[in-house]
Amino acid sequence: MTEQPSLSADLAGDVTPLMAQYLAIKEAHEGYLLFYRMGDFYELFFADAAKAAEALDIALTKRGKHLGDDIPMCGVPVHAAESYMEKLIRKGFRVAVCEQTEDPAEAKKRGSKAVVRREVVRLVTPGTLTEDALLDARSSNLLAALGRSAGDFALAAADMSTGAFWVAALSEGEIAAELARVHPRELLVPDGLLAHETLGAVLKACGAALSPLPSSRFDSAHGERALTAHYGVAALDGLGSFNRAELSAAGALIAYLELTQKGKQARLTRLKRVAPSHFMAIDAATRRNLELTETLSGARSGSLLSVIDRTVTAGGARELAGRLAAPLTDVKAIEARHVSVALLAADSELRSHLREALRATPDLSRALARLSVGRGGPRDLGNLRDGIRAARVLREGLTDIALQGEAADAANAIIQNIAAVSRVSDRLELLLVDEPPYLARDGGFIKSNVHAPLDELRTLAHESRRVIAGLENQYRQTANVPQLKIKHNGILGYFIEVSQQHGDRLMAMKDMFRHRQTMAGAVRFSTDELANLASRIAESAGAALDLERALFDEMTALALEHEASLGAIADSLSVFDVLVALAELAVASRYVRPSLDNGLGFRIGRGRHPVVEAALRADNARGFVPNDCDLSPGSKGRLWLVTGPNMAGKSTFLRQNALIAILAQMGSFVPADTAHIGIIDKLFSRVGAGDDLAAGRSTFMVEMVETAAILNQATAKSLVILDEIGRGTATYDGLAIAWAAAEHLHETNKSRALFATHYHEMVALCERLPAMTCVTMKVKEWNDTIVFLHEVMPGAADRSYGIHVAKLAGLPQAVVERAEDVLRALEEGREGHQPLARIDDLPLFGASAPTPKTNAVEEALRSVEPDALSPKQALEILYDLKRKLI
Ligand code: ADP
Ligand code: MG
């Protein structure tokens, strides 16, 4: 690969001034691909060019020489740069955007060889994106920083698009779950930490793009200064009290934002402290396994989120995903959500009014974020205007309605903040055209007749154009060339054009027509009058453009003065969207309001699996079979052992109860007839022999690591779902592990738990462990087939179903009979001893051993003598052999 030359080493040689500038800038931005602006392109050179050309699949070319060698180069047009950047960011690159920061004409004044001044205006990293083209509208894009001070840790996270900013103090053991909840796109870590034995692996596995930074950036005193500077306060006391690790994390994050935005201040709300205990702890394995936001194969469709998401705005979709990722543990806070959903679910008219207003809501948060870091355009201002408009419409529908809970708070916030932003909205409504363009560059976003000076300039330009149109006729007569035309292009500006044959006639009229250009078939001229008009047009159009840009800046500044209010409106609209969407879901899918308290109950009446139910509904197949689950104190048991043949519905039953708990605590209604849940502090879900080969660990090792985490962490307030653990190893040690895990859960963790197993032997545990009970999936035999009724009932599965299924599947009779013998021997062995010895005693394929069929083809082949055959005979034999095969 091409080396990236360094400036200091090369200065001795004769480096062109342009290359010297390039190398100096490149050296200051190590680790970034430098997008170096040259006219209408961003160019990349040397090693950057080679990497980008490969990643983007674009041509690698050459430009000039550097110290005698060709300089590899590739470029992307500025107007399409966003899509290229998106591709590069997705492939793990970071980009430094270097712009020309002066007019080339200015540079020329310094001498003909002077290089245009350039500066890096922004570092593009995965966690600091704001452009719609670079972001998924429906998911958040978080930047996080893991801070450390002595043995304490803290994770700070910020969402540039909503301004949300928070920090959580953590013990080392809590880091993995917190990372799983926050799910950052980019994670800043002190570089030393990656080498840390256990933590390094956790960080690498968290799915974020890791940005290691020197440890000095995580200095807590540094952090404190960065925070006070950002918030413009003398001391942090006013913001709350933060420990050293929290300051380290939050400070490093703020400093990084300033670094990447090149000093422009990203919009961040007041730093909030959160505690992991505010949320139901759900580790990464559990999230994956329950397919909360994506399926095991990585698709969004088929996940819980895809089934429950009925939001109609991008902000609402992000808020819903955020809530699903972080179910709450505070009963009051959850009920504030439930009470709002209940109210909206009961009022379909209100719901449809709100949805209509919400549908017209643009992505306010992201528009605001772009404006605040100086990357906004007229369309973003238009989004603010339309967002405020939508909020007004929404509010109007709420008069006379007594809201409660979160919806009431959101409505109040909207009412107050709409009043606060009236100056912004009046100004935007007055000035902006209906559909403003994306960029301010070319103007055209201020309405006519709303700004007199602008109108005047526009009229001037317009008038001059009319005069020019009139001139055409005049010149045709003067020159007596009816075909004469006045045209315009970017190089000559306005000019007069006649065909070759009439050229001489105008050439002769030297006083009037000045020759400009002779083309094949055409001759071009100018006049003083035309030149005057043209410059007047250019001047007034330029002045109009300047004025529009000034108005854009003025409107942006006004909006940013009201950033907090606009942000609050955006957040409240998102909250409304979520609440209405959950109410819609509850009505459409028959979900009920769960009741919650701080006890240890877990009683679900006729619960359903939201995703399987939706799939069955879509299939128009038979409906989902609801099932009860009661793990409450005083019920038959807080630990249920679920047995039953494959495909009977065990896994579905286990998962549906976990999903119901998550839905309830995130503030949603749940797919059941009744639900009572004592707040769950941690949720664990494991599936035996989960395939994690990608991470390079054996499946059984993974299974055991995950099981160990549960047994070490689950409490009496936790809910544990264990689906066939121990499956990943040989029968007896697998059984032994499953057995011991069940005992430990029962005796030590005392969690509410569902345990599905194919180890029939474990049924014996139900008699020994008082809080454990056995249930099984009901199965019916019918006309030689097995019908799974998907119904949970007390008891244990009939052991021989596996063999029965094998028979139905067409396994040879001999194999089925042998299996039955082996099973019987094993079962007897279970009561007595040495089951394996007994199996050895069994006659191997005794009477029923099949006699092998003689093979006709083989026999025929044996009798063939190839040397004695004519080609025709050989062919006949070949046909004959083929027939014998059938
Ligand atoms: P197991 O874990 O016992 O092998 P699963 O839970 O994977 O069985 O269920 C197998 C299939 O049976 C599911 O994919 C689903 O289509 C169907 N199923 C499971 N439970 C139910 C139910 N309660 N009602 C209807 N169909 C169900
Ligand atoms: Mg299963």
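Structure first, text after, so check above.
Student: So what's going on with the overall build of the protein? Residues and values would help.
Tutor: Along the protein, the regular secondary structure elements total 32 helices and 27 strands. Here the protein holds 886 residues, and 49% of them are scored as buried. A separation threshold of at least 6 residues defines the contact pool for the protein, and within that pool the share at least 24 residues apart is 68%. In the protein, which carries 100 positive and 112 negative side-chain charges, the distance between the mean positions of the two groups comes to 3 Å.

Student: Report on the pattern of salt bridges, specifying residues and quantitative values.
Tutor: What the rule picks out here adds up to 45 salt bridges. Arginine 686 is the salt-bridge partner of aspartate 283, the closest N and O atoms lying 2.8 Å from each other. Highlighted residues: aspartate 283 in the loop between strand 13 (281-282) and helix 10 (284-289) and arginine 686 in strand 23 (residues 682-687), separated in sequence by 403 residues. Of the residues examined, aspartate 283 reaches a relative accessible area of 15% and is grouped as buried. One continuous salt-bridge network, built from bridges that share partners, spans Glu319, Arg323, Arg337 and Glu406.

Student: Give me the nonpolar core: which residues, what numbers.
Tutor: Ranked by internal contacts, the top residues of the largest apolar core, which has 126 residues, are Leu146, Leu187, Leu384, Leu394, Phe576 and Phe602. In terms of residue count, the dominant contributor to this core is helix 22 (residues 563-588) (13 residues). Sequence-distant contacts of leucine 394, that is, excluding residues within four places in its chain, are made with His353, Leu354, Ala357, Leu358, Ile414, Leu573 and Phe576. Counting 49 residues, the second-largest nonpolar core is a separate cluster that includes Leu34, Leu123, Leu188 and Tyr256.

Student: How would you sum up the site of ligand 1? Please name residues and give values.
Tutor: The environment of ligand 1 is formed by 13 residues, the closest being Val625, Met647, Lys650, Ser651 and Thr652. Note that an oxygen atom of ligand 1 is positioned 3.0 Å from one of the backbone N or O atoms of glycine 649. Taking lysine 650, its main chain carries an N or O atom lying 2.8 Å from an oxygen atom of ligand 1. Tallying contributions element by element places helix 24 (residues 650-666) first for the shell around ligand 1, with 3 residues. When grouped by side-chain class, the residues that make up the shell around ligand 1 number 6 nonpolar, 6 polar and 1 charged.

Student: Would you mind going over the environment of alanine 440 in detail, with residue names and values included?
Tutor: Structurally, alanine 440 can be placed in the loop between helix 18 (422-431) and helix 19 (452-479). Residue classification places alanine 440 among the buried positions, given a relative accessible area of 16%. With near-sequence residues (within four places) excluded, alanine 440 lies in contact with Pro378, Phe445, Arg549 and Phe552.

Student: Could you give an account of the environment of glycine 68, with specific residues and numbers?
Tutor: By secondary structure assignment, the location of glycine 68 is in the loop between strand 3 (61-66) and strand 4 (69-77). Its relative accessible area of 54% is what places glycine 68 among the exposed residues. Taking the C-alpha atoms as reference, glycine 68 lies 9.7 Å from aspartate 14; in sequence the two are 54 residues apart.

Student: Please give an account of the state of the cysteines that cites residues and values.
Tutor: On inspection of all chains with the given rule, the structure shows 1 disulfide. Paired through a disulfide, cysteine 766 and cysteine 774 show a sulfur-sulfur distance of 2.1 Å. Judged by the torsion about the S-S bond (90°), the cysteine 766/cysteine 774 disulfide is right-handed. For cysteine 766, a relative accessible area of 16% translates into the label buried. The thiol of cysteine 98 is not disulfide-bonded; the next cysteine sulfur, from cysteine 74, is found 15 Å away. For cysteine 98, a relative accessible area of 0% translates into the label buried.

Student: Before we move on, can you summarise the packing of aromatic side chains with the specific residues and values?
Tutor: One pass over the full model with this rule turns up 9 aromatic pairs. Both rings, one in tyrosine 22 and one in phenylalanine 46, keep their centres 6.2 Å apart while their planes meet at 40°; by these two values the pair is tilted. Highlighted residues: tyrosine 22 in helix 2 (residues 17-27) and phenylalanine 46 in helix 3 (residues 46-56), separated in sequence by 24 residues. Classification of phenylalanine 46 as buried rests on a relative accessible area of 4%. Centre to centre, the rings of phenylalanine 35 and tyrosine 42 are 5.6 Å apart; their planes meet at 45°, and the pair counts as tilted. Here phenylalanine 35 matches tyrosine 42 in class, with each residue buried. Of note, arginine 37 hangs over the ring of tyrosine 42, and the distance from its end group to the ring centre comes to 5.7 Å. In this arrangement the basic side chain of arginine 181 is found over the ring face of phenylalanine 279, its NZ or CZ atom lying 3.8 Å from the centre.

Student: Help me get a handle on the packing of helix 14 (residues 348-359) against helix 22, residues and values and all.
Tutor: One can describe the packing of helix 14 onto helix 22 by two numbers: an axis separation of 10 Å at closest approach and a directional angle of 135°. When the axes of helix 14 and helix 22 are compared, the pair comes out oblique. Once helix 14 is placed against helix 22, the crossing between them reads as left-handed. Contacts from Arg351, Leu354, Arg355 and Leu358 of helix 14 reach helix 22 at Leu573, Phe576, Asp577, Val580, Ala581, Ala583, Glu584 and Val587.

Student: Lay out the side chain of threonine 329 in plain terms, naming residues and giving numbers.
Tutor: Note on placement: threonine 329 falls in the loop between helix 12 (314-325) and helix 13 (331-345). Only 2.6 Å separates the side chain of threonine 329 from the backbone oxygen of serine 277, close enough to count as a polar contact. Filtering out sequence-adjacent residues up to four positions away, threonine 329 remains in contact with Ser277, His278, Phe279, Met280, Ile334, Gln665, Ile679 and Ile680.

Student: Please set out the pairing of strand 7 (residues 142-149) residue by residue, giving values where relevant.
Tutor: Consecutive residues of a regular strand have side chains that alternate between opposite faces of the sheet. Strand 7 sits mainly inside the fold: 6 of its 8 residues count as buried. The sheet contact formed by strand 7 and strand 8 (residues 152-159) spans 8 bridges and is antiparallel. Directly across from alanine 144, in strand 8, lies its bridge partner alanine 157. If you look at the hairpin formed by strand 7 and strand 8, you'll find 2 residues sitting between the two strands, and alanine 150 has a positive phi there, around 50°. Note: strand 7 against strand 10 (residues 186-190), 3 bridges, orientation parallel. Each bridged residue has a counterpart across the sheet, and for alanine 145 the counterpart in strand 10 is leucine 188.

Student: Go over helix 23 (residues 610-619), please, and point to the residues and values.
Tutor: All of the buried residues in helix 23 are Pro610, Val611, Glu613, Ala614 and Leu616. Those residues of helix 23 that are buried are in contact with helix 11 (304-308) and helix 24.

Student: Before we move on, can you summarise a nonpolar patch on the surface with the specific residues and values?
Tutor: Taken together, the side chains of Leu875, Leu878 and Tyr879 present a nonpolar region at the surface, about 340 Å² in accessible area. Inspection of the secondary structure puts leucine 878 in helix 32 (residues 871-885).

Student: Go over the packing of helix 18 against helix 21 (residues 528-561) with me, naming the residues and quoting the values.
Tutor: Orientation of helix 18 relative to helix 21, taken along the N-to-C sense of each, is 155°, at an axis distance of 9 Å. Regarding the angle of helix 18 to helix 21, the classification is roughly antiparallel. Note that helix 18 runs across helix 21; the crossing there is left-handed. Contacts between helix 18 and helix 21 involve Arg423, Val424, Arg427, Leu428 and Leu431 from the first element and Leu551, Glu554, Met555, Leu558, Ala559 and Glu561 from the second.

Student: Any details on the sheet that holds strand 20 (residues 627-630)? Residues and values, ideally.
Tutor: Sheet architecture is open: 4 strands sit in the order 18-22-19-20, paired in mixed fashion. In this open sheet, the two edge strands, each paired with only one partner strand, are strand 18 (595-597) and strand 20. Taking the axes of each pair of neighbouring strands and ignoring which way they run, one obtains an average angle of 15° across the sheet. Across 3 bridges, strand 18 lies against strand 22 (residues 674-678) in parallel orientation. Bridge pairing in strand 22 places leucine 596 opposite isoleucine 677.

Procedures and definitions
- Residues numbered from 1 in each chain as written.
- Chains lettered and ligands numbered in written order.
- Predicted model: local features only at pLDDT ≥ 70, side-chain atom pairs only at ≥ 80, totals over all residues.
- Heavy atoms only, no water.
- Helix = DSSP H or I, 4+ residues; strand = E, 2+ residues; numbered from the N terminus.
- Buried < 20%, exposed > 50% of the residue type's maximum accessible area, 1.4 Å probe, protein only.
- Contact = heavy atoms within 4.5 Å.
- Lys, Arg positive; Asp, Glu negative; His and termini not counted.
- Charge placed at Lys NZ, Arg CZ, Asp CG, Glu CD.
- Salt bridge = Lys/Arg side-chain N within 4 Å of Asp/Glu carboxyl O.
- Core = buried A, V, L, I, M, F, W, Y, C linked by side-chain atoms within 4.5 Å.
- Near = heavy atom within 4 Å.
- Polar contact = N/O pair within 3.5 Å; in protein donor to acceptor, adjacent residues only side chain to side chain.
- Nonpolar A, V, L, I, M, F, W, Y, C, P; charged D, E, K, R; others polar.
- Disulfide = S-S within 2.5 Å.
- Phe/Tyr/Trp six-rings, centres within 6.5 Å; stacked < 30°, edge-to-face > 60°.
- Lys NZ or Arg CZ within 6 Å of the ring centre and 35° of its normal.
- Axes fitted to C-alpha atoms, helices over the stretch in contact; angles between N-to-C directions.
- Parallel < 35°, antiparallel > 145°, perpendicular 65-115°, else oblique.
- Left-handed = near helix turned anticlockwise from the far one by under 90°.
- Pairing = 2+ DSSP bridges.
- Patch = residues over 30% accessible without salt bridge, like charges linked within 9 Å, V, L, I, M, F, W, Y side chains within 5 Å.
- Areas by Shrake-Rupley, 256 points an atom, 1.4 Å probe, with all protein chains shown as cover.

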